[in-house]
Amino acid sequence: MNTLELDNVSIVYRVGGFKDIGLKDYVIQKIKGTYDCRDFYADRNISFSLQLGDMLGIIGSNGAGKSTLLKAISGIMRPSEGKININGVVVALLELGTGFDDELTVKENTFLRGALLGYTRKFMNERYRDIIDFAELEDFENRPFKYLSSGMKSRLAFSIASFVQPDILILDEVMAVGDGGFRRKSEDKTREIIAGGATTILVSHDQNQIREMCTKILWLDKGHQVAFTDDVQGAVNDYEEFLESGNIEKYAEKYGGKTGGQY
């Protein structure tokens, strides 16, 4: 059974609309005949499916639509077109530093973040010490959150989210939090979650990480789906070649995908 299915999913923004430019500019542009309101597709006709235990790596240059797609899958945004079918519990780590209160202590924020993720008080009481120990914040739990470094905040957010067994785990540029030692811990923890049967989606600019951990690849270009394949090594090799050559059409033809145009 598929845990996640996307069927021709598109996410559209209205660019230059009244809400963007304000009343004054709207009136002026209408009078001059220069008013231009158009649709911008952040993602266009994305289709793929994943099963339990799959780990999907999403690759693509900045502006390819990776983070926008993750927000739609995690429920933060609704697709403008198409359907997303999800079977199971989704935990998304998209912006690790958000969702905390700087004036609360580390301990208070841990319980707050847990509540936002849907954890019960009983669960948090049982796992609190594990969360703090994993984040390596034993000496900071009673200090105001605002005094933590950005790396410490990210470690805490990752730790809180990783102590639940989701059906679908979404990671957006969060595997490189902390120093090298913590990064290895976070990778091991992610593998543990995957081994438990979770479907995982990873966005990372670290191609070696993608090579080592992922079983499938989704390659996006300016919102278009260049490739969806289980040939991880081949796709990453092609992506690295594309970064050097800029010839995206070559790879879209190879994988039967589409592109946002020649570079």
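Below you will find a few notes about this structure. (Residues numbered from 1 in each chain as written. Predicted model: local features only at pLDDT ≥ 70, side-chain atom pairs only at ≥ 80, totals over all residues. Heavy atoms only, no water.)

1. Some details on the pattern of salt bridges
Note that side chains of opposite charge can pair when their charged atoms are close.
Inference 1: What the rule picks out here adds up to eleven salt bridges.
Inference 2: For the salt bridge of Lys216 with Asp54, the shortest nitrogen-to-oxygen distance reads 3.2 Å. In this pair, Lys216 is assigned in strand β8 (residues 216–221) and Asp54 in the loop between β2 (38–51) and β3 (55–59), connecting sequence segments 162 residues apart. Here the two residues Lys216 and Asp54 agree in accessibility, since each one is buried.
Inference 3: With a closest N to O distance of 3.4 Å, Glu103 and Lys146 form a salt bridge. (Salt bridge = Lys/Arg side-chain N within 4 Å of Asp/Glu carboxyl O. Helix = DSSP H or I, 4+ residues; strand = E, 2+ residues; numbered from the N terminus. Buried < 20%, exposed > 50% of the residue type's maximum accessible area, 1.4 Å probe, protein only.)

2. Side note on helix α8 (residues 232–245)
Inference 1: Under the 1.5 Å per step criterion, the end-to-end length of α8 is 20 Å for 14 residues, consistent within 8% with the ideal 20 Å.
Inference 2: Restricting attention to buried positions, one finds in α8 the residues Val232, Gly234, Ala235, Val236, Asp238, Tyr239 and Phe242.
Inference 3: Among the structural elements, β3, α7 (207–213), β8, β9 (224–229) and α9 (248–255) are those in contact with the buried residues of α8.
Inference 4: Taken from the residues just after α8, Gly246 is the one with a positive phi, measuring 80 degrees. (Expected span 1.5 Å × (residues − 1). Contact = heavy atoms within 4.5 Å.)

3. Examining the pairing of strand β6 (residues 168–172)
Inference 1: Of all the five residues making up β6, five are buried; the element is thus mostly covered by neighbouring parts of the structure.
Inference 2: Along β6, one buried face is formed by Ile168, Ile170 and Asp172 and the opposite face, lined by Leu169 and Leu171, is buried too.
Inference 3: For strand β5 (residues 90–93) and β6, the ladder comprises four bridges, and the chain directions are parallel. Each residue of the ladder has a partner; that of Val91, found in β6, is Leu169.
Inference 4: Pairing geometry for β6 and strand β7 (residues 199–203), over five bridges, is parallel. Within β7, the residue paired with Ile170 across the bridge is Ile201. (Pairing = 2+ DSSP bridges.)

4. Some thoughts on the sheet that holds β3
Inference 1: In spatial order, the strands read β5-β6-β7-β3-β8-β9; together these six strands make up an open sheet with mixed pairing. Edge positions in the sheet fall to β5 and β9, since each of these pairs with one other strand and no more. Going across the sheet, the axis of each strand differs from the next one's by a mean of 15 degrees, ignoring polarity.
Inference 2: Strand contacts of α8: β3, β8 and β9, with the helix running at about 25 degrees to β8, the strand carrying the most contacts.
Inference 3: Each of β8 and β9 is contacted by α9, which is oriented at about 50 degrees to β9, the strand it contacts most. (Axes fitted to C-alpha atoms, helices over the stretch in contact; angles between N-to-C directions.)

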